[in-house]
Amino acid sequence: MAQDKASVSSQLEQQVIEWRRDFHEYPELSNREFKTAEKIAKHLESLGLEVETGIAHTGVVALLKGGKPGPTIAMRADIDALPVVERTDVPFKSEVTSEYRGNEVGVMHACGHDTHIAMLLGAATYLTENRENVRGDILFIFQPAEEGAPEGEEGGAELMLKEGLFTKYEPEAAFGIHITSGMNTGVIGYRKGPLMASSDTFEITVEGRQTHGSRPWGGVDPIVTAAQIINNTQTIVSRQIDITKAPAVVSFGIVEGGVRNNIIPDEVTLIGTIRNFDMGIRQQIFDKLTHTAESTAVTNGAEAHVHINEGYPVTMNDVDLVTKMLPTVEAVAGAEKVVEMPLITGAEDFSFYALEVPGMFVFLGATPPGENPAEAPSNHSPLFYVDEDALKTGTNLYINWALDYGRDG
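Residues numbered from 1 in each chain as written. Predicted model: local features only at pLDDT ≥ 70, side-chain atom pairs only at ≥ 80, totals over all residues. Heavy atoms only, no water.

*Asks:* I tried to follow the side chain of Thr 115 on my own but got confused; where do I start?
*Replies:* Mapped onto the secondary structure, Thr 115 falls in helix H3 (residues 113–129). Reaching out from Thr 115, the side chain makes a polar contact with the backbone oxygen of Gly 112 at a distance of 2.6 Å. Residues within four places of Thr 115 in sequence aside, it is in contact with Arg 20, Ile 179, Val 386 and Leu 391. (Helix = DSSP H or I, 4+ residues; strand = E, 2+ residues; numbered from the N terminus. Polar contact = N/O pair within 3.5 Å; in protein donor to acceptor, adjacent residues only side chain to side chain. Contact = heavy atoms within 4.5 Å.)

In structure tokens form, the structure reads like this:
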């Protein structure tokens, strides 16, 4: 690490680890992060920061006013856990259960959001104690429901913005870190431009007319029509979208219809996902999917009703911002530990912030040295494991982003 870069003390590093273990042992699901939020707010208030709670249900934000004039930037950590039964053998293993979709489930920080909370709390602590070196203001965002709000509820980054978070604080850039088992401890992965895909779901209801299976001409077969829709939509990506501009995926995951072998039903339901890396192409896919399904149904005398649920947009890293802040990343981690990431078809709701202001989102490796990251249990696995040595790197990155951003301002 470069000598001129700020770094947490061993005492603060240990505190970050302790915070992480506490949040890990007592995880909470999306929009239900009540105790998590309470712990976060209590510490931020003890630092003397301006703290707001209850944003997007359980979100917490705090504003640090720096000792020197400069811009406002935002740094975000997500705080929710997943409905996963933990199978690691760490002493702070989660035994928490909760209700999810009407069922009792285990709860685990299987995506590493516990580490995100702890690292950002550590950064807030350091920067507050050294506010005389901070140019401008730092908005710390502890965001609920990144994994998605419960059915019928709003949540996450989109709701925080809808409630006026950026309108009030007016940050001019946003930064985020995500822990991953896909790289070794302390390695940081970045990418300019699109990093993670948009994630949208669709549901197509194919309406035919029920008849006896022995007399298909007596009705309109929605099963055959659904099969044709599935086949025809494959040409959207392969023949109708410019894939040299950005990759895209249209996949069907659910096909439901019929109750008996000799009854052609009235209706078939198709459900699937759309992933892509360009916001303009995203809309083209929506339009072409709707047109293809409806037109295919008409040719068979059926009807197709298409509903597209827009999820997370493309996570877009601002090219100029990444170019400006990449030297900070290299100084914190060591240039040899900074790698360019491939496109990731997973999605992130940090994308909503990065649509409002220039954003920079990176991945931080946490698979111990000597172990093959390709064989490590992935994020969302009940065996997901984090080498806590990575937390110092992540905390220092947040700190130095904050200290370096305004230097040229």
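*Asks:* What's the story with the sheet that holds strand S14 (residues 267–276) in this structure? I'm lost.
*Replies:* Read across the sheet, four strands follow the order S12-S14-S10-S15 without closing on themselves; strand pairing throughout is antiparallel. Strand pairing shows two members of the sheet lacking a second neighbour, strand S12 (248–257) and strand S15 (303–312), which therefore form its edges. Strand after strand, the sheet turns through a mean of 20° between neighbouring axes, direction not considered. Across eight bridges, strand S10 (residues 198–207) lies against S15 in antiparallel orientation. (Pairing = 2+ DSSP bridges. Axes fitted to C-alpha atoms, helices over the stretch in contact; angles between N-to-C directions.)

*Asks:* How do you make sense of the environment of Val 8 when you look at a structure like this?
*Replies:* Here Val 8 is to be found in the segment before helix H1 (10–25). Overall, Val 8 belongs to the buried group, its relative accessible area being 7%. Considering only alpha carbons, one finds Val 8 and Ile 399, 391 residues apart in sequence, at a separation of 8.8 Å. Residues in contact with Val 8, not counting those within four places in the same chain, are Glu 13, Tyr 126, Lys 392, Thr 395, Asn 396 and Ile 399. (Buried < 20%, exposed > 50% of the residue type's maximum accessible area, 1.4 Å probe, protein only.)

*Asks:* Would you mind showing me how to read the pattern of salt bridges here?
*Replies:* Where side chains of opposite charge bring their charged atoms close, a pairing between them can arise. One pass over the structure, following the stated rule, counts 16 salt bridges. Among the ionic pairs, Lys 5 bridges to Asp 404, the shortest N-O distance being 2.4 Å. A residue pair is termed long-range when its members are at least 10 positions apart, and Lys 5 in the segment before H1 and Asp 404 in helix H10 (residues 390–405) qualify at 399 residues. Residue Asp 278 pairs with Lys 245 through a salt bridge whose shortest N-O separation is 4.0 Å. Remark: Lys 245 occurs in the loop between helix H6 (222–240) and S12 and Asp 278 occurs in the loop between S14 and helix H7 (279–299); sequence separation between them is 33 residues. (Salt bridge = Lys/Arg side-chain N within 4 Å of Asp/Glu carboxyl O.)

*Asks:* Help me out: how do you make sense of the nonpolar core in this one?
*Replies:* Residues Leu 44, Leu 127, Phe 140, Phe 142, Phe 175 and Trp 401 are the most contacted members of the largest nonpolar core, which totals 67 residues. With near-sequence residues (within four places) excluded, Phe 140 lies in contact with Leu 49, Val 60, Val 61, Ala 62, Leu 64, Met 75, Leu 120, Ala 123, Ala 124 and Leu 127. Counting residues in hydrophobic clusters, the runner-up holds 28 residues, among them Ile 141, Ala 157, Leu 161 and Phe 361. (Core = buried A, V, L, I, M, F, W, Y, C linked by side-chain atoms within 4.5 Å.)

*Asks:* Is there a simple way to explain the pairing of strand S4 (residues 97–100) in this structure?
*Replies:* One face of the sheet, then the other: side chains in a regular strand alternate in exactly this way. Looking at chain direction, S4 and strand S5 (residues 103–106) are connected through four bridges and run antiparallel. By the bridge assignment, Glu 99 is partnered in S5 with Glu 104.

*Asks:* What should I look at first to understand H7 in this one?
*Replies:* The periodicity of an α-helix, 3.6 residues per turn, causes residues three or four places apart in sequence to face the same way. Between its first and last C-alpha, H7 extends 31 Å over 21 residues, near the 30 Å set by a 1.5 Å rise per residue. In this structure, the buried side of H7 is in contact with S10, H6, S12, S14 and S15. Its side-chain oxygen at 2.9 Å from the backbone nitrogen of Gly 280, Asp 278 defines the N-terminal cap of H7. One or two positions beyond H7, positive phi appears at Gly 301, with a value near 80°. (Expected span 1.5 Å × (residues − 1).)

*Asks:* Sorry, what's going on with the packing of helix H2 (residues 34–46) against H3 here?
*Replies:* Working note: a packed helix pair is described by the angle between its axes plus the distance between those axes. Where H2 contacts H3, the two axes come as close as 11 Å, and the packing angle between them is 15°. In terms of their interaxial angle, H2 and H3 are classed as roughly parallel. As for how H2 packs across H3, the hand of that crossing is right-handed. Judged by residue contacts, Thr 36, Ile 40, His 43 and Leu 44 of H2 engage Ile 117, Leu 121, Ala 124 and Thr 125 from H3. (Parallel < 35°, antiparallel > 145°, perpendicular 65-115°, else oblique. Left-handed = near helix turned anticlockwise from the far one by under 90°.)

*Asks:* Teacher, can you tell me more about unusual backbone geometry here?
*Replies:* Apart from glycine, the bulk of residues carry a negative phi angle, and the bulk of peptide bonds sit in the trans form. The phi dihedral of Arg 101 falls on the positive side, at around 55°, and the residue is not glycine. Inspection of the secondary structure assignment puts Arg 101 in the loop between S4 and S5. For Arg 101, a relative accessible area of 67% corresponds to the exposed category. Unusually for a residue other than glycine, Glu 170 sits at a positive phi of about 50°. In this fold, Glu 170 is placed in the loop between helix H5 (165–169) and strand S7 (174–184).

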